[in-house]
Amino acid sequence: MIYLWWVWMAAAVLLLVLEVLAPGFIFLGFAIGAAVVGVWLLAGYALAWVWLLLIFAVVSLIAWLVLRQLVGVRKGQIKLWDRDINED
């Protein structure tokens with residue numbers, strides 16, 4: 001199971017690419033979770049796949065919540081447009 005660290009790291013890179021294509025911090029939390037599991041396996045800690053998926057899910061959720069607090073839209077915040085991009 002330890003030798004599968006590269007699969008988790010490849011999944012993290014793939015999720016980062018998806019984040020670039022669909023911005024909004026949708027896939028970034030999942031990418032952080034996959035990278036943490038990949039580093040965990042690279043460090044030599046072997047666990048059953050069920051525990052790895054649980055670690056992935058928990059870290060992804062925490063990362064997503066932290067990202068929403070740091071860069072997400074605040075409660076009651078709206079975007080006001082005072083100028084149209086088509087105006088000269």
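Notes on the structure in this doc start here.

Analysis parameters
Residues numbered from 1 in each chain as written. Predicted model: local features only at pLDDT ≥ 70, side-chain atom pairs only at ≥ 80, totals over all residues. Heavy atoms only, no water. Helix = DSSP H or I, 4+ residues; strand = E, 2+ residues; numbered from the N terminus. Rg over C-alpha atoms; globule rule 2.2 N^0.38 Å. Buried < 20%, exposed > 50% of the residue type's maximum accessible area, 1.4 Å probe, protein only. Contact = heavy atoms within 4.5 Å. Lys, Arg positive; Asp, Glu negative; His and termini not counted. Charge placed at Lys NZ, Arg CZ, Asp CG, Glu CD. Phe/Tyr/Trp six-rings, centres within 6.5 Å; stacked < 30°, edge-to-face > 60°. Axes fitted to C-alpha atoms, helices over the stretch in contact; angles between N-to-C directions. Parallel < 35°, antiparallel > 145°, perpendicular 65-115°, else oblique. Left-handed = near helix turned anticlockwise from the far one by under 90°. Nonpolar A, V, L, I, M, F, W, Y, C, P; charged D, E, K, R; others polar. Expected span 1.5 Å × (residues − 1). Patch = residues over 30% accessible without salt bridge, like charges linked within 9 Å, V, L, I, M, F, W, Y side chains within 5 Å. Areas by Shrake-Rupley, 256 points an atom, 1.4 Å probe, with all protein chains shown as cover. Salt bridge = Lys/Arg side-chain N within 4 Å of Asp/Glu carboxyl O.

### Comments concerning the overall build of the protein chain
Scanning the protein chain from terminus to terminus reveals 3 helices and 0 strands. For the protein chain, the sequential pattern of α-helices and β-strands runs α-α-α. On C-alpha atoms alone, the protein chain measures out to a radius of gyration of 18 Å, which is more than a quarter above the 12 Å that the 2.2 N^0.38 rule sets for 88 residues. Its C-alpha atoms put the protein chain at 60 × 25 × 15 Å along the principal axes. Here the protein chain holds 88 residues, and 20% of them are scored as buried. Look at the contacts in the protein chain between residues 6 or more apart in sequence, and 58% of them connect residues 24 or more apart. Of the side-chain charges in the protein chain, 5 are positive and 5 negative, and the distance between the mean point of each set is 15 Å.

### Section: the packing of aromatic side chains
Under the counting rule described, the total for this entry stands at 3 aromatic pairs. Judged by centre distance (5.6 Å) and plane angle (55°), the rings of Trp8 and Phe56 are tilted. Here Trp8, found in helix 1 (residues 5-21), pairs with Phe56, found in helix 3 (residues 49-71); they are 48 residues apart in sequence, far enough to count as distant. Grouping residues by exposure puts Trp8 and Phe56 together as buried. An aromatic cluster is present here, built from Trp8, Phe30 and Phe56 joined pairwise through their rings.

### Topic: the packing of helix 1 against helix 2 (residues 28-42)
Interhelical geometry of helix 1 versus helix 2 gives an angle of 165° and a closest axis separation of 8 Å. With respect to each other, helix 1 and helix 2 are oriented roughly antiparallel. At the point where helix 1 passes helix 2, the crossing takes the left-handed sense. Where helix 1 abuts helix 2, its residues Trp5, Trp8, Met9, Ala11, Ala12, Leu15, Leu16 and Glu19 lie against Leu28, Phe30, Ala31, Ala34, Ala35, Val37, Gly38, Val39, Leu41 and Leu42. Its residues assigned to classes, the contact of helix 1 with helix 2 shows 16 nonpolar, 1 polar and 1 charged.

### Observations regarding the environment of Gly72
If you trace the backbone, Gly72 turns up in the segment after helix 3. Judged by its relative accessible area of 14%, Gly72 is buried. Remark: the alpha-carbon pair of Gly72 and Gly24, spanning 48 residues in sequence, is separated by 8.6 Å.

### Some remarks on helix 2
Taking 1.5 Å per residue, 15 residues should reach 21 Å; helix 2 reaches 21 Å between its end C-alpha atoms and fits that length. Those residues of helix 2 not exposed but buried are Leu28, Gly29, Ala31, Gly33, Ala34, Val37, Gly38 and Leu41. Those residues of helix 2 that are buried lie in contact with helix 1 and helix 3.

### Re a nonpolar patch on the surface
A cluster of nonpolar residues, Phe25, Trp40, Tyr45, Leu47, Trp51, Leu54, Val58, Ile62, Val66, Leu70 and Val71, forms a patch on the protein surface that exposes about 1,000 Å² of accessible area. Among the elements that make up the nonpolar patch, the one with the highest residue count is helix 3 (7 residues). Inspection of the secondary structure assignment puts Trp51 in helix 3.

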